[in-house]
Amino acid sequence: MSGLRSWLARRLLAGVAQTAAVVVLVFALTEALPGDAAVALAGDQPDPARIAAIRETMELDRPAAVRLLDWATGLLHGDLGTSLVSGRPVSAYVSDGFGPTLLLAALTLLLLVPVGIGLGVLAARHAGRWPDRVISSVTLGVYAVPEFALGTLLVTVFALRLGWFPPTAVGYGGDLSGHPAALVLPVLVLLSRPVCSLSRLVRAGMIDALAAPYTAQARRYGVGGARVLLAHALPNAVAPAAQQLARTVDWLLCGVIVVEALFVIPGLGTVLMNAVAERDVPVVQGLAVVFGVLTVVLNLGADLVARRLTPRAEVAA
């Protein structure tokens, strides 16, 4: 227990340092973006004097170090800033976009875990035989298809030609839960690549676990094949997959821009694209910090799960 506390303390300190680095890096990168909100608001034929006046009104003429200090101080108090374009709090943008993104992520994970682990276990149990070859070939082929290409194909076939599902979420606003048909195609696109990588990772882990001495010892003691598979081999095979799941959740929650743009879903990815187009730096910065904190927290949770499943394994801090 003391070792776990020490490891957790080190990981938390590393997470704080990573979050601080994200704050500084995000600010530096957004400062390097060409133009700013003042230029965007000045119109197609901006007058330098008007740009200067807008920049002064928005306090963009202050030194970068001063603005970074004010922004970081606000973050410590939970203030993500205020939009330069609309004057709304950045937290309102995050709140508006988080619902659709979270719904897509939850539905994808609800299918990803059983399907990915099930395919991996099935392939490992029949390693080298035709079920393994079929699963490996299909998952490799699906993984090679880019998301926008797969999404376009699904829309063409199932929305435009067959008319089974709506092609986009236009007209539904943020209330996607009341229109499940509009979620089918986006979830299939989001599910395609993660389920392939997860199943292949579980397959490799299961093959190693089934060949390990402890599973052979369990068989010698008369433990049934299903129990060896599920109680002994599977936990050790799933432990490495925890990091993969964390990366997938991070990808799903941090704005799946291609899918949201293709299906016109008003999630975090769409909010980020609009903010970049409008040079709305506080919104871009606030979203980037939220994404960075989510990444740190999810990876910490994945490491904890991996240590729980394989307590003797050393997890990189």
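Keep in mind it's a predicted model, so treat the numbers as computed, not measured.

Draft legend 1. Here's a closer look at the overall build of the protein chain. From N to C terminus, the protein chain includes 13 helices and zero strands. Ordered by position from N to C terminus, the α and β elements of the protein chain give α-α-α-α-α-α-α-α-α-α-α-α-α. Among the 317 residues that make up the protein chain, the fraction classed as buried is 39%. Residue pairs in contact within the protein chain that sit at least 24 positions apart in sequence constitute 71% of those at least 6 positions apart. Accessible area of the protein chain: about 16,700 Å², with a carbon and sulfur share of 66%.

Draft legend 2. Quick look at the environment of Val 258. In this structure, Val 258 sits in helix 11 (residues 257-262). The spacing of Val 258 and Glu 147 is 111 residues in sequence and 7.3 Å in space, taken between C-alpha atoms. Those residues in contact with Val 258 that lie beyond four places of it in its chain are Glu 147 and Phe 148.

Draft legend 3. Highlighting a nonpolar patch on the surface. A cluster of nonpolar side chains, namely Trp 130, Val 134 and Val 138, defines an oily patch on the protein surface of about 330 Å² accessible area. Within the element layout of this structure, Val 134 appears in helix 6 (residues 130-143).

Draft legend 4. Structural detail: the side chain of Thr 108. Within the fold, Thr 108 resides in helix 5 (residues 90-125). Sequence-distant contacts of Thr 108, that is, excluding residues within four places in its chain, are made with Val 187, Leu 190, Leu 191 and Leu 252.

Draft legend 5. The confidence of the model for the protein chain, seen in detail. The share of residues in the protein chain with pLDDT of 70 or more is 74%, and the mean pLDDT across the chain is 76. Scored below 50 in pLDDT, residues 312-317 shows nine contacts in the model against residues more than four places distant or in partner chains.

Draft legend 6. Expanded view of the pattern of salt bridges. A complete count under the given rule lists two salt bridges for this structure. For Arg 88, the salt bridge identified is with Asp 96, shortest N-O distance 2.7 Å. Looking at Asp 96, the relative accessible area reads 45%, which means it is partly exposed. The closest approach of N and O atoms between Asp 132 and Arg 203, which form a salt bridge, is 2.7 Å. Of the two residues, Asp 132 is situated in helix 6 and Arg 203 in helix 8 (residues 181-210); the sequence distance between them amounts to 71 residues. A relative accessible area of 23% means that Arg 203 is categorised as partly exposed.

Draft legend 7. Spotlight on the side chain of Ser 83. By secondary structure assignment, the location of Ser 83 is in the loop between helix 4 (64-76) and helix 5. Ser 83 sits in the buried class, given a relative accessible area of 5%. Residues within four places of Ser 83 in sequence aside, it is in contact with Arg 88, Val 90, Tyr 93, Asp 280 and Val 283.

Draft legend 8. Examining helix 12 (residues 268-277) more closely. By the burial criterion, the buried members of helix 12 are Leu 268, Gly 269, Thr 270, Val 271, Leu 272 and Ala 275. At the C-terminal side of helix 12, Arg 279 shows a positive phi close to 55 degrees.

The rules behind each value
- Residues numbered from 1 in each chain as written.
- Predicted model: local features only at pLDDT ≥ 70, side-chain atom pairs only at ≥ 80, totals over all residues.
- Heavy atoms only, no water.
- Helix = DSSP H or I, 4+ residues; strand = E, 2+ residues; numbered from the N terminus.
- Buried < 20%, exposed > 50% of the residue type's maximum accessible area, 1.4 Å probe, protein only.
- Contact = heavy atoms within 4.5 Å.
- Areas by Shrake-Rupley, 256 points an atom, 1.4 Å probe, with all protein chains shown as cover.
- Patch = residues over 30% accessible without salt bridge, like charges linked within 9 Å, V, L, I, M, F, W, Y side chains within 5 Å.
- Salt bridge = Lys/Arg side-chain N within 4 Å of Asp/Glu carboxyl O.
- pLDDT = per-residue confidence, 0-100.

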